[in-house]
Amino acid sequence: MLRAVFRLTATGARSLTRSRPCYSAPLAFRCYSHGKVETDEEFDSRWVTYFSKPDLDAWELRKGMNTLIGYDLVPEPKILDSALRACRRLNDLASAIRILEAVKDKAGPHKDIYPYLIQELKPTLAELGISTPEELGIDKL
């Protein structure tokens, strides 16, 4: 009996001191994007087409602008032109002004981007009768 106890304790002690082999899994390399990369022109034309849809409603306009502003970029003037024209089709002046405010905020510390966009959009703003936040005095609030 004493021999059985001694054998069990010796086996238990050996299993405690025995090192387990370490298995290291190979590093996984993941390619999340298998499709082709979209060029800047394709990106711009996709958004111009989106905002030019004749059946675009106010919810889709806000959803599209929210998605567009969520990207790490400032939208091109032709995209903003299309979005402002969609606002005019919907008779939604508030959304048009919000778009201009969002673009100004998106430009951030780069003080030359927003004036460039306003300069490029000036003919469209005049044609549609949309005032900038600066002209309305709401940029100082």
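In the annotation of an unreviewed UniProt entry, the entry for the protein chain reads Cytochrome c oxidase subunit 5A, mitochondrial, and the organism field reads Amphilophus citrinellus. UniProt, in the comment section headed Subcellular location (unreviewed entry), describes the protein chain in these words: "Mitochondrion inner membrane".

Trainee: Describe the overall build of the protein chain, and please don't skip the residues or the numbers.
Mentor: On a plain count of helices and strands, the protein chain comes out with seven helices and zero strands. In sequence order, the secondary structure elements of the protein chain are arranged as α-α-α-α-α-α-α. Burial statistics for the protein chain: of 141 residues in total, 26% are counted as buried. Taking contacts inside the protein chain between residues at least 6 apart in sequence as the whole, the part at least 24 apart equals 64%. Looking at the protein chain as shown, the accessible area adds up to about 10600 Å², and 58% of this sits on carbon and sulfur atoms.

Trainee: Give me the nonpolar core: which residues, what numbers.
Mentor: One finds Phe51, Leu68, Leu84, Ile99, Leu100, Leu125 and Ile130 to be the most contacted residues of the largest nonpolar core, which totals 25 residues. Breaking this core down by element, the ones donating at least two residues are helix 2 (40-51), helix 3 (58-70), helix 4 (77-89), helix 5 (93-107) and helix 6 (113-128). When neighbours within four sequence positions are excluded, Ile130 is seen to be in contact with Leu84, Leu93, Ala96, Leu100 and Leu125.

Trainee: Just give me the short version of the packing of helix 3 against helix 5, but keep the residues and values in it.
Mentor: Packing of helix 3 against helix 5 leaves a shortest axis separation of 11 Å and a crossing angle of 5°. In terms of orientation, helix 3 and helix 5 fall into the roughly parallel class. Each of Leu61, Met65, Ile69 and Gly70 in helix 3 lies in contact with helix 5, whose residues at this interface are Ser95, Ile99, Ala102 and Lys106.

Trainee: So, the layout of surface pockets: which residues are in play, and what are the values?
Mentor: Estimated volume of the largest pocket: approximately 200 Å³. Looking at the largest pocket, the residues that line it are Glu38, Thr39, Asp40, Phe43, Asp44, Tyr71, Leu73, Val74, Pro75, Glu76 and Ile79. The element best represented in the lining of the largest pocket is helix 2, accounting for three residues. In the lining of the largest pocket, the residues fall into six nonpolar, one polar and four charged. The volume enclosed by the second largest pocket comes to roughly 160 Å³. Forming the walls of the second largest pocket are Leu61, Arg62, Met65, Asn66, Ile69, Ser95, Arg98, Ile99 and Ala102. For the lining of the second largest pocket, the secondary structure elements donating two or more residues are helix 3 and helix 5. Counted by class, the lining of the second largest pocket contains five nonpolar, two polar and two charged residues.

Trainee: Tell me about the side chain of Ser82, residues and numbers included.
Mentor: Tracing the backbone through its elements, the reader meets Ser82 in helix 4. On the basis of relative accessibility, which here comes to 5%, the residue Ser82 falls in the buried class.

Definitions and cut-offs
Residues numbered from 1 in each chain as written. Predicted model: local features only at pLDDT ≥ 70, side-chain atom pairs only at ≥ 80, totals over all residues. Heavy atoms only, no water. UniProt positions renumbered as here; feature names shortened; annotations may be inferred. Helix = DSSP H or I, 4+ residues; strand = E, 2+ residues; numbered from the N terminus. Buried < 20%, exposed > 50% of the residue type's maximum accessible area, 1.4 Å probe, protein only. Contact = heavy atoms within 4.5 Å. Areas by Shrake-Rupley, 256 points an atom, 1.4 Å probe, with all protein chains shown as cover. Core = buried A, V, L, I, M, F, W, Y, C linked by side-chain atoms within 4.5 Å. Axes fitted to C-alpha atoms, helices over the stretch in contact; angles between N-to-C directions. Parallel < 35°, antiparallel > 145°, perpendicular 65-115°, else oblique. 1 Å grid on protein atoms, 1.4 Å probe; cavity = no way out; pocket = protein on both sides within 12 Å on 5 of 7 lines; lining within 4 Å. Points joined across faces, edges and corners; volume = space filled by probe spheres on them. Nonpolar A, V, L, I, M, F, W, Y, C, P; charged D, E, K, R; others polar.

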